[in-house]
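Structural characterization, general
Here is how the chains run, residue by residue.
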Amino acid sequence: MTAAKSNTPRSRRQPVRPAGRGAGALSGSRVIPILAGVVVVGLAILIGVLSTREAANVVALDDIAGTVTVEGNRLTQFGGSVEGDPHVGQPGPRVQGADFEGRAVTIGEPGAPTILSFMASWCPACQQELPVLVDWIDRGGLPADVDLVVISTGLDDRRPNWPPDRWLEREGYDGPVLVDDVAGTVASVYGLSATPFWVVLDANGDIAMRFAGMLSEAQFDDLVAIARGQ
């Protein structure tokens, strides 16, 4: 006797899924793009933080430039000849300004003989000259009865080696500084023709010498002698 076939359908056997491939698991092909996305987001955050810090450290031109007032003679541009300078023996301009910290600085008044050193931080010749000047000062080249003031001029935050106060600090110069204004007024009234530029004032505030270009330590000694009237 043949057994009757059941009309009840057999249940299908569910396939066994490999471990780790459940509904909540991620395949390798999906993990890689997600990890890449996380890295990209992380980099974006890092770049944003660094950019914010960099922006915070940017020193604008207006943060550095000074405000100056000028009285007296305005000198013509230096023509290049020390011997033929028509302003030697004449009173120099009297300039009131400030240093990088806002402390008042005045040049051109009667008092101690003074050497003025006009420097621009972006000027390659100035970048070579400043360490020489600092070494000369550190070795006692500048006597106590002669003053030296660096005039920070040619201010331009688009040029290299900005800002000038950090440059002077890096090179070890810690003496008096007068910060020119954006227009370069101090440089103009003293007749600057190139940087570095040197002006020697005697004890009366009169022009004893002007010179454009680099000097050696021996020539710094000559400036001292000229300032003293020797």
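Throughout what follows, the structure given in this document is the object of discussion.

Criteria and thresholds
Residues numbered from 1 in each chain as written. Predicted model: local features only at pLDDT ≥ 70, side-chain atom pairs only at ≥ 80, totals over all residues. Heavy atoms only, no water. Axes fitted to C-alpha atoms, helices over the stretch in contact; angles between N-to-C directions. Helix = DSSP H or I, 4+ residues; strand = E, 2+ residues; numbered from the N terminus. Left-handed = near helix turned anticlockwise from the far one by under 90°. Contact = heavy atoms within 4.5 Å. Nonpolar A, V, L, I, M, F, W, Y, C, P; charged D, E, K, R; others polar. Pairing = 2+ DSSP bridges. Expected span 1.5 Å × (residues − 1). Buried < 20%, exposed > 50% of the residue type's maximum accessible area, 1.4 Å probe, protein only.

Packing of helix α3 (residues 124–138) against helix α6 (residues 217–227) brings their axes to within 10 Å, and their N-to-C directions diverge by 65 degrees. For the element pair α3 and α6, the recorded crossing hand is right-handed. On the side of α3, the interface is formed by E129, V132, L133, D135 and W136, while α6 contributes E217, F220, D221 and V224. By residue class, the composition of the contact of α3 with α6 is five nonpolar, no polar and four charged.

So, about the sheet that holds strand β8 (residues 207–212). In space, the five strands of this open sheet follow the order β6-β5-β4-β7-β8, with mixed pairing throughout. Two strands close off the open sheet at either side, each with one partner strand: β6 (177–179) and β8. Geometrically, the sheet is characterised by an average inter-axis angle of 20 degrees between neighbouring strands, direction not taken into account. Taken together, the three bridges between strand β5 (residues 147–152) and β6 define a ladder with parallel strand orientation. Across the sheet, residue I151 finds its bridge partner in β6, namely L178.

When the terminal C-alpha atoms of α3 are compared, their 22 Å separation across 15 residues agrees well with the 21 Å that a helix rising 1.5 Å per residue should span. All of the buried residues in α3 are C126, E129, L130, L133, V134 and W136. Buried-residue contacts for α3 involve β4 (114–119), β5, α4 (164–170), β7 (197–201) and α6.

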